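# Fold and contact review
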Amino acid sequence: MPNQARPGTGEQAKRLALGQLREAILHGEMAPAQRLVENELAEQFGVTRASIRAALIELESQGLVERIRNRGSRVRVVTVEEAVAITECRLVLEGLCAAKAAAAVTDAQVTELKDLGTSMRKAVADGEPLTYSELNHELHARIREFSGQSTAVELLERLNAQLVRHRFQLALRPGRPQQSLNEHLAMIETIAARDPQAAEAAVRAHLAGVIEALRD
């Protein structure tokens, strides 16, 4: 969007800055520990420093930014220990979503999940770990969506945003996609079978494997 077309002040400007900053962090365009200089960001996005500051405060509440006393803001570094703790929370919440999804899934949604499984198989067979990672992310998102458990979904979106760097690192680890593929296919099959207990167990087993991989 050209600078002259951008809202420079107010809530709309804050939302603009917030959205673009969040996307830049989530897509790795801003690296962990990178300094976030208000003047530079205000010029880049065509908004005021006040709008940038408000956006950074909100991103801090989402766990994506940390503000350091007398040093300004930077992209938050999520340690392995923190990533494990976050994934332990995901294990409970995503297990709940899988159980809910299995109880409510439609035939059309089952087809969508199975199509994702087919694409994941192909990505692994073709040696495309980043494609597999994106499909992995999409599968989890669809299961959350199909669950209808809006509170869990909101919490998970906030937790997952903090794990982007670790997710890509795991995806690029040799052998990791092959290892996790069967876990994801089990998630799909148990939801397709409309077995809430088995679906929850499949998701918990998968995320327990993620925790083990994070600790390696």
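This report concerns the structure included in the present document. Keep in mind it's a predicted model, so treat the numbers as computed, not measured.

Quick notes on the rules
Along each chain, residue indices are assigned from 1 in the same order as the chain's sequence is written. Local features in a predicted model are, by the rule used here, given only for residues with pLDDT of at least 70; side-chain atom pairs are given and counted only at 80 or more, and totals for whole chains, interfaces and linings are based on all residues. Note: side-chain values were computed over all heavy atoms of the structure, leaving out hydrogens and water. When DSSP finds two or more bridges between a pair of strands, those strands are recorded as paired. Labels follow the DSSP assignment, with helices taken as runs of H or I lasting at least four residues and strands as runs of E lasting at least two, numbered in each case from the N terminus. What makes two residues a contact is simply this: any of their non-hydrogen atoms within 4.5 Å. With axes taken as lines fitted to C-alpha atoms, and helix axes fitted only over the stretch in contact, angles between N-to-C directions fall between 0 and 180 degrees. A pairing counts as a salt bridge when a side-chain nitrogen of Lys or Arg comes within 4 Å of a carboxyl oxygen of Asp or Glu. Only protein chains enter the accessibility calculation, which uses a 1.4 Å probe. A residue is then buried if its area is under 20% of the maximum for its type, exposed if over 50%, and partly exposed in between. Given the number of residues in a helix, its expected span is that number minus one, multiplied by 1.5 Å. Cysteine sulfurs are considered disulfide-paired once they come within 2.5 Å of each other. Definition of nonpolar core: a set of buried residues of the types Ala, Val, Leu, Ile, Met, Phe, Trp, Tyr and Cys, connected through side-chain atoms within 4.5 Å. Any angle from 65 to 115 degrees is called roughly perpendicular, while one under 35 is roughly parallel, one over 145 is roughly antiparallel, and all others are oblique. The sense of a crossing depends on the near helix, which, turned anticlockwise from the far helix by less than a right angle, makes the crossing left-handed and, turned clockwise, makes it right-handed. Here the nonpolar group is Ala, Val, Leu, Ile, Met, Phe, Trp, Tyr, Cys and Pro; Asp, Glu, Lys and Arg are the charged ones; every other residue, Gly included, is treated as polar.

The subject of this paragraph is the sheet that holds strand 3 (residues 72-75). Here we have 3 strands laid out as an open sheet, ordered 1-3-2, and antiparallel in their pairing. On the outer flanks of this sheet lie strand 1 (35-36) and strand 2 (65-68), each paired with one strand and no other. Examined bridge by bridge, strand 1 and strand 3 share 2 bridges and lie antiparallel to one another. Bridging across to strand 3, Leu36 finds its partner in Ser73. Together, strand 1, strand 2 and strand 3 form the strand contacts of helix 3 (residues 49-61), whose direction differs from that of strand 2 by roughly 110°.

Another point: the pattern of salt bridges. Applying the stated rule across the entire model yields 17 salt bridges. We note a salt bridge from Arg142 to Glu138, for which the minimum N-O separation is 2.1 Å. Of this pair, Arg142 and Glu138 both sit in helix 6 (residues 129-147), 4 residues apart, which is roughly one turn of the helix. For Arg142, a relative accessible area of 16% corresponds to the buried category. Between Arg142 and Glu145 there is a salt bridge; the shortest N-O distance is 2.4 Å. On the criterion of helical spacing, the pair formed by Arg142 and Glu145 is a turn pair, its members being 3 residues apart in helix 6. Three or more residues are tied together by salt bridges with common partners; here these are Glu11, Lys14, Arg15 and Glu58.

Attention now moves to the environment of Gln34. In this structure, Gln34 sits in the loop between helix 1 (10-26) and strand 1. For the pair formed by Gln34 and Val77, sequence separation is 43 residues and the distance between their alpha carbons is 9.2 Å.

Pairing of strand 2 with strand 3 involves 4 bridges; the strand directions are antiparallel. Bridge assignment links Glu66 to a residue of strand 3, and that residue is Arg74. Turn length for the strand 2-strand 3 hairpin, with the two strands adjacent in sequence and antiparallel, is 3 residues, and the turn residue Asn70 shows positive phi of about 65°.

So, on to unusual backbone geometry. A positive phi angle, close to 80°, is found at Ala33, a residue other than glycine. For Ala33, a relative accessible area of 34% puts it in the partly exposed group.

Over its 17 residues, helix 9 (residues 176-192) runs 25 Å from end to end, which matches the ideal 24 Å to within 8%, given 1.5 Å per residue. Here helix 9 lies mainly inside the structure; 12 of its 17 residues are buried. Taken residue by residue, helix 9 has Arg176, Pro177, Ser180, Leu181, Glu183, His184, Leu185, Met187, Ile188, Thr190, Ile191 and Ala192 as its buried positions. Looking at the buried positions of helix 9, the neighbouring elements they touch are helix 4 (80-104), helix 5 (107-125), helix 6, helix 8 (164-171) and helix 10 (196-215). One or two positions beyond helix 9, positive phi appears at Arg194, with a value near 55°.

In this section: the state of the cysteines. The full count for this structure, using the stated rule, is 0 disulfides. Lacking any disulfide linkage, Cys89 is separated from the closest cysteine sulfur, that of Cys97, by 13 Å. Classification of Cys89 by relative accessible area gives partly exposed; the value is 41%.

Core analysis: the biggest nonpolar cluster contains 41 residues, and Leu113, Leu139, Ile143 and Ile191 have the highest contact counts within it. Every element with two or more residues in this core is listed here: helix 4, helix 5, helix 6, helix 7 (150-161), helix 9 and helix 10. Counting residues per element, this core draws most heavily on helix 4, at 9 residues. Those residues within four positions of Leu113 in sequence are excluded, and the remaining contacts are Leu139, Arg142, Ile143, Phe146, Ile188 and Ile191. With 23 residues, the next largest nonpolar core counts Ile25, Phe45, Val75 and Val164 among its residues.

Time to look at the packing of helix 4 against helix 7. It is the contact of helix 4 with helix 7, at a shortest axis distance of 10 Å, that shows an interaxial angle of 150°. The orientation of helix 4 relative to helix 7 falls into the category roughly antiparallel. With respect to the hand of their crossing, helix 4 and helix 7 are arranged in left-handed fashion. For the pair formed by helix 4 and helix 7, the contact residues are Ile86, Cys89, Arg90, Leu93, Glu94, Leu96 and Cys97 on the first element and Ala152, Leu155, Leu156, Leu159 and Asn160 on the second. A breakdown of the residues in the contact of helix 4 with helix 7 according to their chemical character gives 9 nonpolar, 1 polar and 2 charged.

The quantities given are spatial measurements derived from coordinates; they are silent on function.
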